[in-house]
Amino acid sequence: MLRPLTSALRLLRPWKPLQTRGCASDGAARGREIQVRALEGPDQGITEILMNRPRARNALGNVFVSELLEALAQLREDRQVRVLLFRSAVKGVFCAGADLKEREQMSEAEVEVFVQRLRGMMTEIAPSTWLGTQNKKGEQKAAFPAPTIAALDGFALGGGLELALACDLRVAAASTAVMGLIETTRGLLPGAGGTQRLPRCLGVALAKELIFTGRRLSGTQAQVLGLVNHAVAQNEEGNAAYHRARALAQEILPQAPIAVRLSKVAIDRGMEVDIASGMAIEGICYAQNIPTQDRLEGMAAFREKRPPKFVGK
C-alpha cells in the first residue's frame with residue numbers, strides 16, 4: 001500500500017539548478033508557446049509558467065504539450081522553485097482545451113497516443129495511481145514537488161480545466177473566468193484526468209452532473225462549489241486572478257519549503273488510501289522532516305522570538 005510513496009519522498013535528494021531559465025524578455029523565448037519566468041526580489045522562489053499561444057487560445061496542441069513537458073521536467077529538478085504558478089499571456093483565456101483542429105487531422109491511433117501524452121503531462125503536475133503513469137522502473141511518478149497554483153482570468157474549458165484541476169490551488173476572476181468539462185458537448189469525454197480529479201474535488205454526484213451536462217461555470221459559481229480557492233473581481237488589465245494567485249504564492253514563500261513539500265505528499269498520497277494508511281504516510285513524511293536544518297531553525301526562531309529563516313535544507 002505504501003510502496004508508491006517511495007518515489008514521492010525522493011524530493012529530498014539534492015536538486016540541480018536549471019542551466020537556463022527562459023524569460024518572456026528573452027528573444028529566444030518570445031516565440032515559444034510555453035515560457036518560464038523566475039521572479040526576483042521579494043518574489044524570488046516563485047516561478048511562472050506563461051502559456052502563450054494566442055492564435056489558438058492556448059489550445060493543447062503537440063508543440064504546446066511538448067514544451068510544457070520539457071519545462072516541467074527541468075523545473076522539477078530546480079531547488080529554487082518554491083511555488084509554481086500557471087498563468088496565461090493571452091487576455092481572456094487560460095486554456096481553451098484540446099486543439100480540435102489539430103486533433104481532426106490525426107488518425108485514431110495518433111489520437112490515442114496524443115491523449116496518452118496529455119494525460120502524462122497532467123500527471124507531471126498531480127499524482128496518479130493509474131498504471132500508465134509509472135516510470136520505466138515501474139515506480140509511480142511523484143507529483144510536482146512544490147505547490148502549484150492556477151490563475152484563471154478567462155476561459156478554462158475541457159483540457160484547460162483539467163490542467164487547472166491538476167494544480168494544488170486555483171484562483172479565478174469572478175466574472176471573466178469561465179470553466180467547465182464540456183467534452184460531452186463535442187462527442188467526447190474528459191480524457192486527461194477530469195473524470196477522476198473533478199469528483200475528488202467536488203464529490204461524485206456534482207462531478208457527474210457537471211460532466212454529463214457539459215455545464216460552464218463562472219468564477220463566482222466555481223468558488224461557491226469549491227472548485228476554486230478564491231474568486232476575485234476582475235480589473236481593467238484582465239489579470240486580477242493572477243495578482244491574487246501571486247499574493248497567495250507570497251504567503252507560501254516564507255514557510256519551510258521541505259515541510260511544505262512533505263505536507264503536499266502526505267495530503268496527496270493520503271487521499272488515495274484509507275485513513276489508517278494515510279496516517280502511516282503522514283508518519284513517514286514527518287520522519288523525513290525531523291533531521292532537516294529548517295526544523296531546528298523553526299524551533300530556535302520560536303525560542304528566540306524572531307522570524308525564522310528557512311533555507312530548504
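Refer to the preceding data block for the structure.
Residues numbered from 1 in each chain as written. Predicted model: local features only at pLDDT ≥ 70, side-chain atom pairs only at ≥ 80, totals over all residues. Heavy atoms only, no water.

Before we move on, could you go through the pattern of salt bridges and cite the residues and values that matter?
Any two side chains of opposite charge can pair, so long as their charged atoms come close to each other. Under the counting rule described, the total for this entry stands at 13 salt bridges. For R32, the salt bridge identified is with E70, shortest N-O distance 3.3 Å. Of this pair, R32 sits in the loop between α1 (5-8) and β1 (34-38) while E70 sits in helix α2 (residues 62-76); the two residues are 38 residues apart in sequence, bridging distant segments of the chain. Residue classification places E70 among the partly exposed positions, given a relative accessible area of 40%. Of the charged contacts, one joins E304 and R306 as a salt bridge, the two residues approaching to 2.6 Å between their closest N and O atoms. Judged by relative accessible area, which is 45%, E304 ranks as partly exposed. The class for R306 is partly exposed, based on a relative accessible area of 29%. (Salt bridge = Lys/Arg side-chain N within 4 Å of Asp/Glu carboxyl O. Helix = DSSP H or I, 4+ residues; strand = E, 2+ residues; numbered from the N terminus. Buried < 20%, exposed > 50% of the residue type's maximum accessible area, 1.4 Å probe, protein only.)

Describe the side chain of E67, naming the residues involved and giving the relevant values.
Mapped onto the elements of the fold, E67 is located in helix α2. For the buried E67, no salt bridge exists, and the shortest N-O distance to an oppositely charged side chain is 4.2 Å, to R32. Within the local environment of E67, its side chain forms a polar contact with the backbone nitrogen of E33, the two atoms lying 2.8 Å apart. Apart from residues lying up to four places away in sequence, E67 is in contact with R32, E33 and I34. (Lys, Arg positive; Asp, Glu negative; His and termini not counted. Polar contact = N/O pair within 3.5 Å; in protein donor to acceptor, adjacent residues only side chain to side chain. Contact = heavy atoms within 4.5 Å.)

Could you give an account of the environment of A96, with specific residues and numbers?
The residue A96 is located in the loop between β4 (93-95) and α3 (100-104) in this model. Assessed through its relative accessible area of 26%, A96 is described here as partly exposed. For the pair formed by A96 and G154, sequence separation is 58 residues and the distance between their alpha carbons is 9.2 Å. Once residues within four sequence positions are removed from consideration, A96 is found in contact with R57, N58 and L157.

Describe the sheet that holds β4, with residues and values.
Spatial ordering of the open sheet is given by β4-β6-β8-β9, a layout of 4 strands whose pairing is mixed. Every other strand in the sheet has two partners, leaving β4 and β9 (217-218) as the edge strands with one partner each. Strand direction decides the pairing type here: strand β8 (residues 178-180) and β9, joined by 2 bridges, are antiparallel. Residue pairing for β9: V178 is matched across the bridge by S218. Each of β4, β6 (155-157) and β8 is contacted by helix α5 (residues 159-166), which is oriented at about 95 degrees to β6, the strand it contacts most. (Pairing = 2+ DSSP bridges. Axes fitted to C-alpha atoms, helices over the stretch in contact; angles between N-to-C directions.)

If you had to explain unusual backbone geometry to someone new, which residues and values would you point to?
As a rule of thumb, non-glycine residues mostly have phi less than zero, and peptide bonds are mostly trans rather than cis. Here N58, not a glycine, exhibits a phi torsion of approximately 60 degrees, which is positive. Looking at where N58 falls in the secondary structure, it is placed in the loop between β2 (46-51) and α2. Positioned with a positive phi, K305 is a non-glycine residue whose angle comes to about 55 degrees. Along the chain, K305 turns up in the segment after α12 (293-304). Its relative accessible area of 76% is what places K305 among the exposed residues.

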